[in-house]
Amino acid sequence: MYWPDNEAWPTCITPWYSGNGATGWQPHSAPNPLVPILQLFAADAPTICFPVGSDLLQLLWCPVIHRDLPRQRDAYAPSVKVIWRNSTDIRALSSPPPNPIDFEDESIPAPCSLHPEQIVEYRQELHDALWDKIRDLDELGWNGTNLSYQYDLSVAPGTKVGGWPRWHALDPYPMPCADCGRELELLVSFDTSERDEG
């Protein structure tokens, strides 16, 4: 991951769930170094609206489960840090980041390269009349294909940037921006496995 020489590596001090103690929630014994998760250049993600002056998205997280995060009560998720940068401000790759002290194995990604593929997908939040038509097509098997709108034809599975969120990211309540009140748009989502174990 590209990282400025003069910038300290980010850490987390938010209490996390270890399963130990009376409640299972405890503070980190020391600031926990974040784990690099995604580095994406604007040229590789033309559907994402990068802030003016930036062409690099970096996403890091604290690889344990946190309950209450800033502006995210009852999150039960890793603590995420999103950084937008201008790549010309960074001269070289960083030295290896520090290893986290507290972590869960499934929250440490295996290093890999991205091979972006642009696809078309359709939202799952539809008005009732359209859902009635979709249910009819689901029952007919979409012209003999045995596909389902919800699982096969609408929102793409897997790790992705942009697009539409799956129902569990929206249910059961709207999630407006805490600053402006507009409906949030999906920036990135991570899946824990490939579809159909492929």
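This is a predicted model, so every value here is computed, not measured.

Participant: Quick question: what am I supposed to make of the pattern of salt bridges here?
Facilitator: Two side chains of opposite charge can pair, provided their charged atoms sit close to one another. Taken as a whole and judged by the stated rule, the model has four salt bridges. A salt bridge links D132 to R135, with the nearest nitrogen and oxygen atoms 3.0 Å apart. Here D132 pairs with R135, and both are found in helix α1 (residues 128-144), just three residues apart, close to one helical turn.

Participant: Even after reading the chapter, I still don't get the sheet that holds strand β7 (residues 77-85), so can you show me in this structure?
Facilitator: Adjacent strands of a sheet form backbone hydrogen bonds with each other and so pair up, either parallel or antiparallel. Strands sit in the order β5-β6-β7 across an open sheet of three strands; the sheet is antiparallel. Two strands in the sheet have a free side with no partner beyond their single neighbour: β5 (35-41) and β7. Across this sheet, the average inter-strand angle for adjacent strands is 20°, counted without regard to direction.

Participant: Please explain the confidence of the model for the protein as it appears in this structure.
Facilitator: Should the pLDDT be low somewhere, the predicted coordinates at that spot are not to be read in detail. Mean pLDDT over the protein works out to 84, with 91% of the residues at or above the 70 mark. Taken element by element, the protein is modelled with least confidence in helix α2 (residues 149-153), mean pLDDT 82, and with most confidence in strand β4 (residues 32-33), mean pLDDT 96.

Participant: Can you help me understand the nonpolar core in this one?
Facilitator: Here is a general trend for soluble globular proteins: nonpolar side chains tend to be buried in one another's company. Residues V35, I37, L38, L40, A45, I48, F50, L57, L59, W61 and V188 constitute the largest nonpolar core, which totals 11 residues. When contributions to this core are tallied by element, the ones reaching two or more residues are β5 and β6 (56-66). Per-element tally for this core: the top contributor is β5, with four residues. If we skip the residues at most four places from it in the chain, I37 touches M1, L59, L60, W61, S107, P109 and F190. Listed in part, the nine residues of the second largest apolar core include W9, C12, L60 and V64.

Participant: Please clarify how α1 should be interpreted in this entry.
Facilitator: Since the α-helix turns once every 3.6 residues, residues separated by three or four places project in the same direction. Helix length check: α1, at 17 residues, gives a terminal C-alpha distance of 24 Å against a target of 24 Å (1.5 Å per residue), a fit within 8%. The axis of α1 is deflected most strongly, by about 65°, at D138. The set of residues buried in α1 consists of W131, I134 and G141. Buried residues in α1 make contact with α2. N146 occupies a position one or two residues after α1 and carries a positive phi of about 65°.

Participant: Would you mind going over the side chain of H66 with me for this structure?
Facilitator: Within the secondary structure, H66 sits in strand β6. When its relative accessible area of 0% is taken as the criterion, H66 is described as buried. At 3.2 Å, the side chain of H66 and the backbone oxygen of V64 are in polar contact.

Participant: What is the right way to read the packing of aromatic side chains from this model?
Facilitator: Here a ring pair, both rings aromatic, is described through the centre-centre distance and the interplanar angle of the planes. Inspection of the entire model under this criterion finds eight aromatic pairs. Seen from their ring centres, W142 and Y149 are 6.5 Å apart, and the 25° between their planes marks the pair as stacked. Looking at W142, the relative accessible area reads 23%, which means it is partly exposed. Above the ring of W3, the side-chain terminus of R85 is found at 4.5 Å from the ring centroid.

Calculation criteria
- Residue numbers here run from 1 along each chain, matching the order of that chain's written sequence.
- Whole-chain, interface and lining totals are the exception, using all residues; otherwise, since this is a predicted model, local features are given only for residues with pLDDT of at least 70 and side-chain atom pairs are given and counted only at 80 or more.
- To get the side-chain values, take all heavy atoms of the structure and skip hydrogens and water.
- By definition here, a salt bridge exists when the distance from a side-chain nitrogen of Lys or Arg to a carboxyl oxygen of Asp or Glu is within 4 Å.
- Each helix corresponds to a stretch of at least 4 residues labelled H or I by DSSP, and each strand to a stretch of at least 2 residues labelled E; elements are numbered beginning at the N terminus.
- Strand pairing is assigned whenever DSSP identifies at least 2 bridges connecting the two strands.
- Only the stretch in contact is used when fitting a helix axis, every axis being a line fitted to C-alpha atoms; angles between N-to-C directions are given from 0 to 180 degrees.
- Along the chain, pLDDT gives the predictor's confidence residue by residue, from 0 to 100.
- What is meant by a nonpolar core is a set of buried Ala, Val, Leu, Ile, Met, Phe, Trp, Tyr and Cys residues, joined one to another through side-chain atoms within 4.5 Å.
- Working definition: with a 1.4 Å probe on protein chains only, accessible area under 20% of the residue-type maximum means buried, over 50% means exposed, and in between means partly exposed.
- We call two residues in contact when some of their heavy atoms are within 4.5 Å.
- For a helix, the expected span equals 1.5 Å multiplied by the residue count minus one.
- The term bend refers to the angle at a residue between two fitted axes, each drawn through seven residues, those ending there and those starting there.
- Pairs of N or O atoms are called polar contacts if they sit within 3.5 Å, as long as, within protein, a hydrogen donor faces a hydrogen acceptor (for residues adjacent in sequence, only side-chain-to-side-chain pairs).
- Classification of ring pairs rests on two measures: the distance between centres of Phe, Tyr or Trp rings, Trp counted by its six-membered ring, which must be within 6.5 Å, and the angle between planes, read as stacked under 30 degrees, edge-to-face over 60 and tilted in between.
- Whether a charge sits over a ring comes down to the Lys NZ or Arg CZ being within 6 Å of the ring centre and within 35 degrees of the ring normal.

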